[in-house]
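Read off the chains here:
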Number of protein chains: 2
Amino acid sequence: MTDSPDVVALLRAELGDLVDTSPESRDAARADKSGHRAAEPPLAVVHAERVEHVQATLRIASATGTPVVTRGAGTGCAGGANAGRGEIALSVRRMTRVLEVSPEDLLAVVEPGIINAELNDHLSAYGLWWAPDPASRAVSTVGGNIATGAGGLLCAKYGVVRDAVLGVDVVLADGRLIRMGHRSVKGVTGLDLTSLMIGSEGRLGVIVGATLKLRRLVPGDVCTLTATFPSVREAAAGSAAVTASGAQPSIMELMDAASLAAAYGLLGLVPPTPGASQLAIQTDGPAAVAEAEAIATLLTSLGASVAVTSDRAEGDRLLAIRRSMHAAMESLGRSLIEDVSVPRSALPAMFDEIARVEQHYGVTIPTIAHAGDGNLHPNFVFTPDPDAPDEVPAVVWEAADDLFRAALRLGGTLTGEHGIGLLKRRWLADELGEDQWRLQRDIVRVFDPRGILNPGKVFDT
Amino acid sequence: MTDSPDVVALLRAELGDLVDTSPESRDAARADKSGHRAAEPPLAVVHAERVEHVQATLRIASATGTPVVTRGAGTGCAGGANAGRGEIALSVRRMTRVLEVSPEDLLAVVEPGIINAELNDHLSAYGLWWAPDPASRAVSTVGGNIATGAGGLLCAKYGVVRDAVLGVDVVLADGRLIRMGHRSVKGVTGLDLTSLMIGSEGRLGVIVGATLKLRRLVPGDVCTLTATFPSVREAAAGSAAVTASGAQPSIMELMDAASLAAAYGLLGLVPPTPGASQLAIQTDGPAAVAEAEAIATLLTSLGASVAVTSDRAEGDRLLAIRRSMHAAMESLGRSLIEDVSVPRSALPAMFDEIARVEQHYGVTIPTIAHAGDGNLHPNFVFTPDPDAPDEVPAVVWEAADDLFRAALRLGGTLTGEHGIGLLKRRWLADELGEDQWRLQRDIVRVFDPRGILNPGKVFDT
């Protein structure tokens, strides 16, 4: 660790007012949306506005051995962008330009700090969109989406970030800029470093630009339906039946009884039947109406009470319950938002495991799931210890540990779309195995031999 | 280099008859479909039938410092699987089992040696398919498709290999087995090593298993149309217009005048008008007929003579011209099959560059293109020097060099789907830049510190 005032002075000499040491900014950089906060604030926040600012910051960090934590909008759920003592928080949030939109080649070249929804507003004028749609899309950045390998609601039909990035521009730990990937649909020149950057959570380099693969806006109707089941297991079986039928909804979300009740409460609706769980489904494209009708018939035959509409406003109203879920969870108090993903056929079994974990540890775990792709967000609700308000209680971690191991047993993964960050490091080797864990850590060292990029995140070394 | 008889003896002691030192087998392992042959045969061909055979081979190779060249069906186009002096050719061609097909989870777990078309025959009984469809699909292996990051005809609509692999099992240089990736739709645990393996051309490890992402067979009609234009530039502009219209054909292939004339000649058809070029297009799915009609109207308005059918047999007849292309090229003599890819909008400009290169170097370059995704296969036809029958003449490489640089200038890439192998190593740093080239080579060293895996391929060190 170098003497910190020197680093700030060096940064200031080169970057002037972009170097922000105000207590508010440094404090804000300690946390993301995971609930975790670094114990102390970072040295400074650098507000990069251009690629050269990122390069200058990394040259100084590299020369002084100072750790750098790259941040976008700070909406991560795993603590991956939390900056603490002795670290530089490097914000790319001001780098928001759309440098190119090519409708002919269905691509856009953007800076990393642009908000996902703002990019899509911009693209809609061209009849285009970027498909990744994390639930945070109104507040999260494209760079953050790439750095975490974000997913979202539309993934089963329209893919995840990995499927929607052609190339990235990356500033390496020592400040050099390299351009990975390509502008063509196909390209296999050398190793696929673009894919390696996706989901690398700040450990390999700083993403300062991206060439995104776009889609044309989907023409035709959008149909929305909700299907209410007497229990979560029946709802999960219903979603598995929809997938097995060959229908391809654009959205298929599942809310268990506790999360549904919380959302109804928040929205001031008449409470649902106790135990009731819901699927919220959308279909789109030329077969939207036919698919919605087939799904409605199927789910009704499985005992669901179904509402269906092809009116967009009415559809928005039906989906409002799902969209209010984040706020509904917050209304229940503090929670640890988890993110396991299992093969779709294992969804009912995973809900059984959640019920078992709830019982065994005496915790409440309202759960929503991107049922179309087997990705669950169990929310471990807890009351913080007044003596350690920033910490997740031990029993919650024990319950989460049990849940993670259940997901792995079912052929699943620790994290479908949030990443490992700080909070899931200790389970990483359980999923990867020791050999692969070591191989991955050695790759990090190739990119960052001095270990200054987001140290301690993902890998605990 | 160790003393070779020892290595063969060690292999035989452990693997018995799987170790093949017959002159025929060793000779066959020298070459692929690129036309390039290693100057001398390898020490032996090991016919691995199980993962343990691969592990045993690599343990012996590692202990003795012997290079290992992994091979499937030997259908590569860049010399990547050619094995030479002092090397072990490790064939996984006999590892052909389909270990699991899960219609619920839309995945299959397979061994690497199964032929792409045979896998798809197997999957069709479940109403499923694996989308990557290189032109070599009847003869190339799934493992080879993954190792090269293969593309194919259907890519613009249905994706490339990168989009269709959930995980791979890999034997490392020292014989350890690791499992990368996941079975769930989403998964972002650690670095995406699965993507890094795709297209790694034998430099990082030996792929001994793969979890493939499947699709349901597409219901509905398949419409086929051919559009014949007076010139290749008009055909290229036609394909760009189809893409710009928002139509999404499953196949859109372009044949220039020379390749079209060769195919007509091979099939004994009445020769086309001199200079005429053709697009062969297929549409599928619920909107197939409407899309085909819209495309036909558009291309007719652009001056094409259009034939369209929704009859599958008639469609096969129309596509037969495109499918005969490989044989048609071989009928012209020896050729160097190239594989540049450019942004779709640059396709007409790329054809202008090909015409310029033909003129400038006095070579003939019949060209076919996966026009829907901007991937061109210029075939440099040549007469071999009788004194060096295995070598591509210098003038052809000069012309190819000029063409590669043109593709890069147009925002394209050296290789869309064939890989770098042996034949394009010298241009790799031109596309990647020195910094990225070195970074990639250093990643190879993490996987294979002793440099025994396919040394000299992709990277010349």
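What you see is a predicted model, and the numbers here were worked out from it, not measured in a lab.

Focus: the overall build of chain A
So, point 1. Summing up its helical and strand segments, chain A has 16 helices and 18 strands in all.
So, point 2. The principal-axis extents of the C-alpha atoms in chain A amount to approximately 70 × 55 × 45 Å.
So, point 3. Here chain A holds 461 residues, and 60% of them are scored as buried.
So, point 4. Sequence separation of 24 or more characterises 71% of the internal contacts of chain A that already satisfy a separation of 6 or more.
So, point 5. Carbon and sulfur atoms make up 52% of the accessible area of chain A, which totals about 16400 Å².
So, point 6. Averaging the locations of the 41 positively and 56 negatively charged side chains of chain A gives two centres separated by 4 Å.

Description of the relation of the copies chain A and chain B
So, point 1. Between chain A and chain B, the superposition needs a rotation of 180° and an axial shift of 0.0 Å, giving an RMSD of 0.0 Å. Here the two chains are linked by the operation of a two-fold rotation axis.
So, point 2. Looking at chain A, 100% of its interface residues are interface residues in chain B too, so the copies touch through the same face.

Some words on a positive patch on the surface
So, point 1. Together, A:Lys213, A:Arg215, B:Lys213 and B:Arg215 give the surface a local cluster of positive charge.
So, point 2. The topology assignment puts B:Lys213 in strand β10 (residues 206–213).

Comments concerning the environment of B:Ala240
Residue and element names in this part refer to chain B.
So, point 1. On the secondary structure map, Ala-240 appears in helix α8 (residues 232–244).
So, point 2. Relative accessible area serves as the criterion here: at 26%, Ala-240 is assigned to the partly exposed category.
So, point 3. A sequence separation of 132 residues divides Ala-240 from Gly-372, and the C-alpha atoms of the two residues are 8.0 Å apart.

Quick word on the pairing of strand β3 (residues 68–71) of chain A
Looking along a regular strand, one sees the side chains alternate between the two faces of the sheet.
Residue and element names in this part refer to chain A.
So, point 1. Burial along β3 is two-sided: Val-68 and Thr-70 facing one way and Val-69 and Arg-71 facing the other are all buried.
So, point 2. In terms of strand pairing, β3 meets strand β4 (residues 88–91) through 4 bridges, oriented parallel. Bridge assignment links Val-69 to a residue of β4, and that residue is Ala-89.

Some words on the packing of aromatic side chains
So, point 1. Scanning the entire structure with this criterion turns up 8 aromatic pairs over all chains.
So, point 2. With centroids separated by 4.7 Å and ring planes inclined at 80°, the aromatic side chains of B:Phe404 and B:Trp427 adopt a geometry described as edge-to-face. Within this pair, whereas B:Phe404 is found in helix α14 (residues 394–409), its partner B:Trp427 is found in helix α15 (residues 425–432), the two being separated by 23 residues in sequence. B:Trp427 shares its class with B:Phe404; the two are buried.
So, point 3. The rings of A:Trp397, A:Phe404 and A:Trp427 are connected pair by pair, giving a single aromatic cluster.
So, point 4. Between A:Arg426 and the ring centre of A:Trp397, over which it is positioned, the NZ or CZ distance is 5.2 Å.

Brief notes about empty space enclosed by the protein
So, point 1. With the rule as written, the count across this model stands at 4 cavities of 30 Å³ or more.
So, point 2. Considered as a void within the structure, the largest cavity measures approximately 100 Å³ in volume.
So, point 3. As for the largest cavity, its lining consists of 13 residues, and the residues nearest its centre are B:Ala156, B:Thr243, B:Gln248, B:Pro249 and B:Gly372.
So, point 4. Considered class by class, the residues forming the lining of the largest cavity number 7 nonpolar, 4 polar and 2 charged.
So, point 5. Of the pockets and cavities examined, the second largest cavity occupies roughly 60 Å³.
So, point 6. For the second largest cavity, the full set of lining residues is A:Leu153, A:Cys155, A:Ala156, A:Pro249, A:Ser250, A:Ile251, A:Met252, A:Glu253, A:His370, A:Ala371, A:Gly372 and A:Asp373.
So, point 7. Looking at the lining of the second largest cavity, the elements that each hand over two or more residues are α6 (155–158) and β13 (251–255) of chain A.
So, point 8. A per-element tally of the lining of the second largest cavity places β13(A) first, with 3 residues.
So, point 9. A class-by-class count of the residues in the lining of the second largest cavity yields 7 nonpolar, 3 polar and 2 charged.
So, point 10. Here the lining of the second largest cavity spans two domains, and each of domain 2 (98–216) and domain 3 (222–409) of chain A adds at least three residues to it.

Points about the sheet that holds strand β13 (residues 251–255) of chain B
The strands making up a sheet associate through backbone hydrogen bonding, with each pair oriented either parallel or antiparallel.
Residue and element names in this part refer to chain B.
So, point 1. Strands sit in the order β15-β12-β14-β13-β17-β18-β16 across an open sheet of 7 strands; the sheet is antiparallel. Every interior strand has two partners, whereas the edge strands, β15 (305–309) and β16 (334–337), have only one. Along the sheet, successive strands turn relative to each other by an average axial angle of 15°, direction set aside.
So, point 2. Relative to strand β18 (residues 375–382), β16 runs antiparallel, the two being bridged by 4 bridges. Opposite Arg-334, over in β18, you have Phe-382 as the bridge partner.
So, point 3. Its contacts with the sheet place α14 against β16 and β18, and it is angled at close to 160° to β18.

Let's talk about the UniProt feature "domain: FAD-binding PCMH-type" (unreviewed entry) in chain A
So, point 1. Mapped onto this numbering, the UniProt entry annotates "domain: FAD-binding PCMH-type" (unreviewed entry) at residues 38–217 of chain A.
So, point 2. Strand forms 25% of residues 38–217 of chain A and helix 22%; the C-alpha atoms that close the span are 41 Å apart.

Section: the packing of helix α13 (residues 347–361) of chain A against helix α14 (residues 394–409) of chain A
All names here are of chain A.
So, point 1. One way to put it is that α13 packs onto α14 with a least axis distance of 10 Å and a crossing angle of 155°. Judged by the angle between their axes, α13 and α14 are roughly antiparallel. In the crossing of α13 with α14, the sense of the turn from one axis to the other is right-handed. Contacts from Met-350, Glu-353, Ile-354, Arg-356, Val-357 and Tyr-361 of α13 reach α14 at Val-395, Glu-398, Ala-399, Asp-402, Leu-403, Ala-406, Ala-407 and Arg-409.
So, point 2. Taken together, the residues of the contact of α13 with α14 break down into 9 nonpolar, no polar and 5 charged.

Reading guide: rules and limits
- Residues numbered from 1 in each chain as written.
- Chains lettered and ligands numbered in written order.
- Predicted model: local features only at pLDDT ≥ 70, side-chain atom pairs only at ≥ 80, totals over all residues.
- Heavy atoms only, no water.
- Helix = DSSP H or I, 4+ residues; strand = E, 2+ residues; numbered from the N terminus.
- Buried < 20%, exposed > 50% of the residue type's maximum accessible area, 1.4 Å probe, protein only.
- Contact = heavy atoms within 4.5 Å.
- Areas by Shrake-Rupley, 256 points an atom, 1.4 Å probe, with all protein chains shown as cover.
- Lys, Arg positive; Asp, Glu negative; His and termini not counted.
- Charge placed at Lys NZ, Arg CZ, Asp CG, Glu CD.
- Least-squares fit on C-alpha atoms with pLDDT ≥ 70 in both.
- Patch = residues over 30% accessible without salt bridge, like charges linked within 9 Å, V, L, I, M, F, W, Y side chains within 5 Å.
- Salt bridge = Lys/Arg side-chain N within 4 Å of Asp/Glu carboxyl O.
- Pairing = 2+ DSSP bridges.
- Phe/Tyr/Trp six-rings, centres within 6.5 Å; stacked < 30°, edge-to-face > 60°.
- Lys NZ or Arg CZ within 6 Å of the ring centre and 35° of its normal.
- 1 Å grid on protein atoms, 1.4 Å probe; cavity = no way out; pocket = protein on both sides within 12 Å on 5 of 7 lines; lining within 4 Å.
- Points joined across faces, edges and corners; volume = space filled by probe spheres on them.
- Nonpolar A, V, L, I, M, F, W, Y, C, P; charged D, E, K, R; others polar.
- Domains from an automatic or database assignment.
- Axes fitted to C-alpha atoms, helices over the stretch in contact; angles between N-to-C directions.
- UniProt positions renumbered as here; feature names shortened; annotations may be inferred.
- Parallel < 35°, antiparallel > 145°, perpendicular 65-115°, else oblique.
- Left-handed = near helix turned anticlockwise from the far one by under 90°.

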